[in-house]
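Okay, here's what each chain looks like letter by letter:
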Amino acid sequence: MKLNLKSHAKINLALNVTGKNKSLHKIESIISFIDLYDVISIKKKGGEKHNISFQGKFAKGIGKKNTVQKLFQILDREKLLLNQKFRVSITKNIPQKAGLGGGSINAASILNFLNKKKVIKISEKKILEVCSEIGSDVILGIDPSSSVLLSNNKIKKFFNCPTLNMLLIKPNFGCATKKIYSNVKNFKKPKFNNPKKNMFGYKFLKNQSNTLEDVAISKYPQIKKIKLFLEKTNNPEFVRMTGSGSTVIAYYKSVKDCNSAKVQFKRKFKNCWLYVSKTI
């Protein structure tokens, strides 16, 4: 039997870098998922190897060392699949190097599916270990919902949060996560240690920021041009880069304003990917 899974893009509504340990930066972030998603087709197969393939608009350039390949290597190594093999085909609708967590959430969606369907038997502790080995964002895609990631790496989930309308703009270049983080020089004191549902409303979010934005702008001035243009277009609630970039998001009260801003943006800027979306 073949099954199709939706692997939703993740956005950082706000992000602070609060410190650094030996290998990774410590961050806190307000996170939502949106109605843009990759489609993952998965089914059991015979033979000795998994078959993992990518197609779609944003499949170009995905190498053999990818998050999904890494997930199956770990599951095989830990003998969690009991020698079962799978054919996985992923239609990539989420751009790469965009700050939208596409690859991380692909791996999380498959792990989540295998666990819920009891294809694997795995403890919560082991899920955390597997996710950490693949990448720091992966755990956020296990049972995806609006979340606050605390600086101690704990996650507080929230449900039935306000719907936010947005216009996503990705220029014709991506930001390498490691490169952006390696240039962070200043750390902020944690602000989200007492997470509440009102953190997902426009009123709270307007006064927040993304620490990584200044670093990305210093490397790619085009990000600032996009942001400044959007801030003057249709009176957005706020405009902010997501993750380590390069996607910039303008948040509006209505879908109509999003669509109007999209038309205006397309007149001024060429070679950008644009997408009107909302939180789920």
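Coordinates for the structure precede this section.
Residues numbered from 1 in each chain as written. Predicted model: local features only at pLDDT ≥ 70, side-chain atom pairs only at ≥ 80, totals over all residues. Heavy atoms only, no water.

**Q** Looking at this structure, how should I read the packing of helix α1 (residues 67–77) against helix α2 (residues 102–116)?
**A** Between α1 and α2, the least distance of the axes is 8 Å, while the angle of their chain directions is 35 degrees. Taking contact as the criterion, the partners of Thr-67, Val-68, Leu-71, Phe-72 and Leu-75 in α1 are, on α2, Gly-103, Ser-104, Asn-106, Ala-107, Ile-110, Leu-111 and Leu-114. Of the residues belonging to the contact of α1 with α2, the class tally is eight nonpolar, four polar and no charged. (Axes fitted to C-alpha atoms, helices over the stretch in contact; angles between N-to-C directions. Helix = DSSP H or I, 4+ residues; strand = E, 2+ residues; numbered from the N terminus. Contact = heavy atoms within 4.5 Å. Nonpolar A, V, L, I, M, F, W, Y, C, P; charged D, E, K, R; others polar.)

**Q** Teacher, can you tell me more about the packing of aromatic side chains here?
**A** Here a ring pair, both rings aromatic, is described through the centre-centre distance and the interplanar angle of the planes. This model, assessed by the stated rule, comprises 11 aromatic pairs. Between Phe-238 and Tyr-251, the ring centres sit 4.3 Å apart and the planes meet at 20 degrees, which makes this aromatic pair stacked. With Phe-238 in strand β8 (residues 238–241) and Tyr-251 in strand β9 (residues 248–252), this pair connects stretches of sequence that are 13 residues apart. The structure contains a cluster of three or more aromatic residues connected by ring pairs, namely Phe-58, Trp-273 and Tyr-275. Across from the ring centre of Phe-158, 5.8 Å away, lies the NZ or CZ of Lys-156, which sits over that ring. (Phe/Tyr/Trp six-rings, centres within 6.5 Å; stacked < 30°, edge-to-face > 60°. Lys NZ or Arg CZ within 6 Å of the ring centre and 35° of its normal.)

**Q** Please clarify how the environment of Phe-72 should be interpreted in this entry.
**A** Turning to its location among the elements, Phe-72 is positioned in helix α1. Through-space distance from the C-alpha of Phe-72 to that of Lys-85 is 9.1 Å; in sequence the pair is 13 residues apart. Setting aside residues no more than four positions away along its own chain, Phe-72 makes contact with His-50, Ile-52, Leu-81, Phe-86, Val-88, Ile-110 and Leu-114.

**Q** Explain the packing of α2 against helix α3 (residues 124–134) here, please?
**A** Pairs of packed helices are described in terms of their axes, by the angle between the two and the distance that separates them. At a minimum axis separation of 11 Å, α2 and α3 run at an interaxial angle of 160 degrees. The angle between the axes of α2 and α3 places the two elements in the roughly antiparallel class. The interaxial crossing formed by α2 with α3 has right-handed handedness. Together, Ala-107, Leu-111 and Asn-115 of α2 and Ile-127, Val-130, Cys-131 and Ile-134 of α3 make up the contact between the two elements. (Parallel < 35°, antiparallel > 145°, perpendicular 65-115°, else oblique. Left-handed = near helix turned anticlockwise from the far one by under 90°.)

**Q** So what exactly am I meant to see when it comes to the side chain of Thr-211 here?
**A** Along the chain, the position of Thr-211 falls in the loop between α5 (202–205) and α6 (212–219). When its relative accessible area of 14% is taken as the criterion, Thr-211 is described as buried. A polar contact of 3.3 Å, which involves the side chain of Thr-211, links it to the backbone nitrogen of Val-17. With residues up to four places along the chain from it excluded, the contact list for Thr-211 reads Leu-15, Asn-16, Val-17, Asn-186 and Lys-188. (Buried < 20%, exposed > 50% of the residue type's maximum accessible area, 1.4 Å probe, protein only. Polar contact = N/O pair within 3.5 Å; in protein donor to acceptor, adjacent residues only side chain to side chain.)

**Q** What should I look at first to understand the nonpolar core in this one?
**A** Nonpolar side chains in soluble globular proteins tend to end up buried together. Counting residues in hydrophobic clusters, the biggest one holds 34 residues, and the most contacted among them are Ile-169, Leu-212, Ile-223, Ile-226, Leu-230 and Phe-265. Ranked by residue count, the leading element in this core is α6, at four residues. Excluding residues that lie within four positions of it along the chain, Ile-226 makes contacts with Ile-169, Pro-171, Val-248, Phe-265, Phe-269 and Cys-272. (Core = buried A, V, L, I, M, F, W, Y, C linked by side-chain atoms within 4.5 Å.)

**Q** Is there a simple way to think about the side chain of Ser-41 in this case?
**A** Inspection of the secondary structure puts Ser-41 in strand β2 (residues 25–45). Every residue in contact with Ser-41, bar those within four places of it in the chain, is listed here: Lys-2, Leu-3, Asn-4, Arg-87, Val-88 and Ser-89.

**Q** Looking at this structure, I do not really get the pairing of strand β3 (residues 51–55). What am I missing?
**A** When a strand is regular, its side chains alternate between the sheet's two faces. Pairing geometry for β3 and strand β4 (residues 85–91), over five bridges, is parallel. Counted as the bridge partner of Ser-53 is Ser-89 from β4. With respect to chirality, the unit in which β3 leads through α1 into the neighbouring parallel β4 is left-handed. (Pairing = 2+ DSSP bridges. Right-handed = clockwise from strand over helix to strand, strands pointing away.)

**Q** I keep staring at the sheet that holds strand β10 (residues 273–278) and nothing clicks. Help me out?
**A** Sheet strands pair via backbone hydrogen bonds, and the direction of the pair is either parallel or antiparallel. Taking strand neighbours across the sheet as the criterion, the four strands line up as β8-β9-β7-β10 in an open arrangement whose pairing is antiparallel. Strand pairing shows two members of the sheet lacking a second neighbour, β8 and β10, which therefore form its edges. The mean angle between the axes of side-by-side strands here comes to 20 degrees, regardless of whether they run parallel or antiparallel. Relative to β9, strand β7 (residues 165–170) runs antiparallel, the two sharing five bridges. Residue pairing across strands places Ile-169 opposite Val-248, the latter belonging to β9. Against the sheet, helix α7 (residues 222–231) touches β7, β8 and β9, its axis set at about 10 degrees to β9.

**Q** How should unusual backbone geometry be read in this particular structure?
**A** Glycine aside, negative phi is the norm for most residues, and most peptide bonds take the trans geometry. With an omega dihedral of 15 degrees, the bond running from Gly-245 to Ser-246 counts as a cis peptide bond. Looking at the secondary structure, you find Ser-246 in the loop between β8 and β9. Positive phi, normally seen in glycine, also occurs at Asn-234, with a value near 60 degrees. Along the polypeptide, Asn-234 turns up in the loop between α7 and β8. Given a relative accessible area of 22%, Asn-234 falls into the partly exposed group. Even without being a glycine, Asn-235 presents a positive backbone phi close to 55 degrees.

This is a description of form; function is not addressed.
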